[in-house]
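Fold and geometry: a report
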Amino acid sequence: MKTIDIGILGLGTVGSGVVKILQDNAQKITDITGCKLNVKTVVVRDVTAKRNVDLTGIELTDDFTKLVTDDDIKIVVEVMGTVETARSYIKQLLNAKKHVVTANKDLIAQHGPELSELAKQNHCDLFYEASVAGGIPILRTIVNSFAADQVESVLGIVNGTTNFILTQMTQNGLSYAQALKLAQEKGFAEADPTNDVKGKDAAYKMIILTQFAFGKDITVDDVKLEGIDGVQLADINEAAQLGYTIKLLGIAKLIDDKLDVSVGPVLVPSSRPLAAIQNENNAVLVTGKAVGETMFYGPGAGELPTANSVLSDIIAVTKDIVLETTGSRFNGYVKNVALAPASDVIYPYYLSLVLPDKPGQMLKLTEIMAKQKASFNVIKQTGESQGTARISLVTHTMTEVQLNAIKAELKEMPEMQLLAAYKVLEG
């Protein structure tokens, strides 16, 4: 029986999970692939650190070059994190004819096209299923199950940290600061949670999903981005009273054959399954022209769920090695799609404002809306304090151009404070 040796870069949470699953499911993997997969070498920063995984028979080293120069190692798993260091290592590995599996979303979002081209030139596989939505096999599903369908939209909860925070605010009445602290205590948020709460992590994942679903390479500058750090508990409660749940959603959709990509807080009708996704779980909705709307749900992070996605890539590479079909792009779909102008992007919006609690203020607000040919669907006063009134409203559908003009006018009126302006997902 053929043995395929594997190297691993990094032995943190995911790396340890990869070793455990390979050990626990060795026979099943052999039955499926016809090969024995053997972890030969693991590269770490500190070889003296205590590990919570059985490393019997595995070489532990801090010398990366051992992966490059060992001809027996055919597949290398990169789960070390970082961007530039990982990029340099993966380029060296691909040039050494090693197949690479990575879970590094930041790297793939920023340098995926470059690395994919290098892999193709060297007839190597480069797979990264685990870079998006942890244990949900969403990338391979889009490549395989939607190959003959036209994807019209991909949207969902793709960041577990922010979903945990918003869940705690919604269900337990915690403030944003309290919910973030709890997330950090439970290990769902980093000590520096900036990339998560500012939406950048979700934006990187949407960049990858956009390439797979629409064949379009975009950068983070093409993503309209807003985090959850401005979401107030009052917004959560007001949304609930209106029949909505606030979620941080990534949305990539075609509008008249043009593409719009965004990440930000969105009011989701509480009747929709997406509103019920709680805590660190993720869910991705893919709408195809033929199949309609489908939802993929599961853990968005964690040792074994993410490691399971890594293993699916390792098995795919192994099958390619056996069949001598390595070197194909993970996703070969390429299409020249223009980005949609703001005048074509249409949603209802939730706005919350603080106004002076005196006659004529609502009239001023109405005049601002009317000037932009925008109208209210629902409007209510939700609180008052020391001469001010808090107003929440949901508009009828309008363009981003209208919304931006309304926001600009409100900014010129110091007595009116706009607290939030979030998209509303229609039921």
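Structure shown above.
Heads up: these notes are all about the structure in this document. (Residues numbered from 1 in each chain as written. Predicted model: local features only at pLDDT ≥ 70, side-chain atom pairs only at ≥ 80, totals over all residues. Heavy atoms only, no water.)

Some words on the overall build of the protein chain
- A tally of helices and strands in the protein chain yields 14 helices and 18 strands.
- Against the 2.2 N^0.38 benchmark of 22 Å for 427 residues, the protein chain shows a C-alpha radius of gyration of 24 Å, consistent with a compact globule.
- Dimensions of the protein chain, computed from the C-alpha atoms along their principal axes, are close to 80 × 45 × 35 Å.
- When burial is assessed residue by residue, the protein chain has 52% of its 427 residues classed as buried.
- Partitioning the contacts of the protein chain with sequence separation of at least 6, the portion at a separation of at least 24 is 74%.
- For the protein chain, the accessible area works out to roughly 18600 Å², and carbon and sulfur atoms hold 49% of it. (Helix = DSSP H or I, 4+ residues; strand = E, 2+ residues; numbered from the N terminus. Rg over C-alpha atoms; globule rule 2.2 N^0.38 Å. Buried < 20%, exposed > 50% of the residue type's maximum accessible area, 1.4 Å probe, protein only. Contact = heavy atoms within 4.5 Å. Areas by Shrake-Rupley, 256 points an atom, 1.4 Å probe, with all protein chains shown as cover.)

A look at helix H12 (residues 303-323)
- With 21 residues, H12 extends 30 Å between its outermost C-alpha atoms, agreeing within 8% with the 30 Å of an ideal straight helix rising 1.5 Å per residue.
- Following H12 by one or two positions, Glu324 has its phi on the positive side, about 60 degrees. (Expected span 1.5 Å × (residues − 1).)

Considerations on the pairing of strand E2 (residues 35-43)
- Both strand E1 (residues 2-9) and E2 contribute to a ladder of 8 bridges, which runs parallel. Directly across from Leu9, in E2, lies its bridge partner Val43. (Pairing = 2+ DSSP bridges.)

Side note on the environment of Ala275
- With respect to the secondary-structure elements, Ala275 resides in the loop between strand E10 (258-269) and strand E11 (281-288).
- C-alpha of Ala275 to C-alpha of Ile157: the two residues are 118 residues apart in sequence and 9.7 Å apart in space.

Notes on the packing of helix H4 (residues 84-95) against helix H5 (residues 105-121)
- Taken N-terminus to C-terminus, the directions of H4 and H5 make an angle of 15 degrees; their axes are 11 Å apart at the nearest point. In terms of axis orientation, H4 runs roughly parallel to H5. Between H4 and H5 lies a crossing of right-handed hand. When H4 is examined against H5, the residues Glu84, Ala86, Arg87, Ile90, Lys91, Leu94 and Asn95 are found in contact with a partner set consisting of Leu107, His111, Glu114, Leu115, Leu118 and Ala119.
- Grouping the amino acids of the contact of H4 with H5 by side-chain chemistry returns 7 nonpolar, 2 polar and 4 charged. (Axes fitted to C-alpha atoms, helices over the stretch in contact; angles between N-to-C directions. Parallel < 35°, antiparallel > 145°, perpendicular 65-115°, else oblique. Left-handed = near helix turned anticlockwise from the far one by under 90°. Nonpolar A, V, L, I, M, F, W, Y, C, P; charged D, E, K, R; others polar.)

Observations concerning the sheet that holds E2
- Taken together, 6 strands build an open sheet; the order of strands is E3-E2-E1-E4-E5-E6 and the sheet is parallel. Each having just a single partner strand, strand E3 (59-61) and strand E6 (126-127) make up the two edges of the open sheet.
- Here E2 pairs with E3 via 3 bridges, running parallel. Paired with Val42 across the strands is Leu60, a residue of E3.
- Here H12 sits on the sheet in contact with E1, E2, strand E4 (73-78), strand E5 (99-102) and E6, set at roughly 160 degrees to E4.

Description of the side chain of Gln361
- Position of Gln361 among the secondary structure elements: in helix H13 (residues 361-371).
- Setting aside chain neighbours within four positions, we find Gln361 in contact with Leu355, Pro356, Glu415 and Met416.

A look at the packing of aromatic side chains
- Tallied over the full model, the rule gives 8 aromatic pairs.
- Judged by centre distance (5.0 Å) and plane angle (80 degrees), the ring pair of Tyr128 and Phe330 falls under edge-to-face. Within this pair, whereas Tyr128 is found in the loop between E6 and helix H6 (138-145), its partner Phe330 is found in the loop between H12 and strand E13 (346-347), the two being separated by 202 residues in sequence.
- With a relative accessible area of 5%, Tyr128 lands in the buried category.
- Among the residues examined, Phe330 registers a relative accessible area of 9% and is labelled buried.
- Consider the rings of Tyr350 and Tyr422, whose centres lie 6.2 Å apart with planes at 25 degrees: the pair is stacked. Of this pair, Tyr350 sits in strand E14 (residues 349-356) while Tyr422 sits in strand E18 (residues 417-424), and the two are 72 residues apart along the sequence.
- By relative accessible area, Tyr350 is classed as buried at 0%.
- Taking the relative accessible area as the measure of exposure, Tyr422 reaches 2% and is therefore buried.
- One aromatic cluster is present, formed by Phe127, Tyr128, Phe212 and Phe330 through successive ring pairs.
- The ring of Phe127 carries the charged tip of Arg140 above its face, separated from the ring centre by 5.3 Å. (Phe/Tyr/Trp six-rings, centres within 6.5 Å; stacked < 30°, edge-to-face > 60°. Lys NZ or Arg CZ within 6 Å of the ring centre and 35° of its normal.)

A short note on the pairing of strand E12 (residues 292-299)
- Inspection of the sheet shows E11 paired to E12 by 8 bridges, in the antiparallel sense. Note on E12: the bridge partner recorded for Thr287 is Glu293.
- Linking E11 to E12, which pair antiparallel, is a turn of 3 residues.

A closer look at the pattern of salt bridges
- Following the criterion strictly, the structure yields 22 salt bridges and no others.
- The partner of Lys40 in a salt bridge is Asp70, and the shortest N-O contact between them spans 2.8 Å. Within this pair, whereas Lys40 is found in strand E2, its partner Asp70 is found in the loop between helix H3 (65-69) and E4, the two being separated by 30 residues in sequence.
- Residue Lys40 is classed as partly exposed on the basis of its relative accessible area of 25%.
- A salt bridge links Glu59 to Lys66, with the nearest nitrogen and oxygen atoms 2.6 Å apart.
- Residue class for Glu59 comes out partly exposed when judged on its relative accessible area of 32%. (Salt bridge = Lys/Arg side-chain N within 4 Å of Asp/Glu carboxyl O.)

A closer look at the nonpolar core
- Residues Ile8, Val18, Ile138, Leu139, Ile165, Leu209 and Ile314 are the most contacted members of the largest nonpolar core, which totals 106 residues.
- Of all the elements, helix H10 (residues 200-214) adds the most residues to this core, at 10 residues.
- Beyond its immediate stretch of four places on either side in the chain, Leu209 contacts Val132, Ile138, Leu139, Ile142, Val154 and Val158. (Core = buried A, V, L, I, M, F, W, Y, C linked by side-chain atoms within 4.5 Å.)

What to know about helix H14 (residues 400-411)
- With 12 residues, H14 extends 16 Å from end C-alpha to end C-alpha; this agrees with the ideal 16 Å at 1.5 Å per step.
- Those residues of H14 lying buried are Glu400, Gln402, Leu403, Ile406 and Leu410. Along the axis of H14, the buried residues cluster in a sector spanning 160 degrees; they form a single face.
- The secondary structure elements touched by the buried residues of H14 are strand E8 (224-225), E14, H13, strand E17 (398-399) and E18. (Arc of directions from axis to C-beta.)

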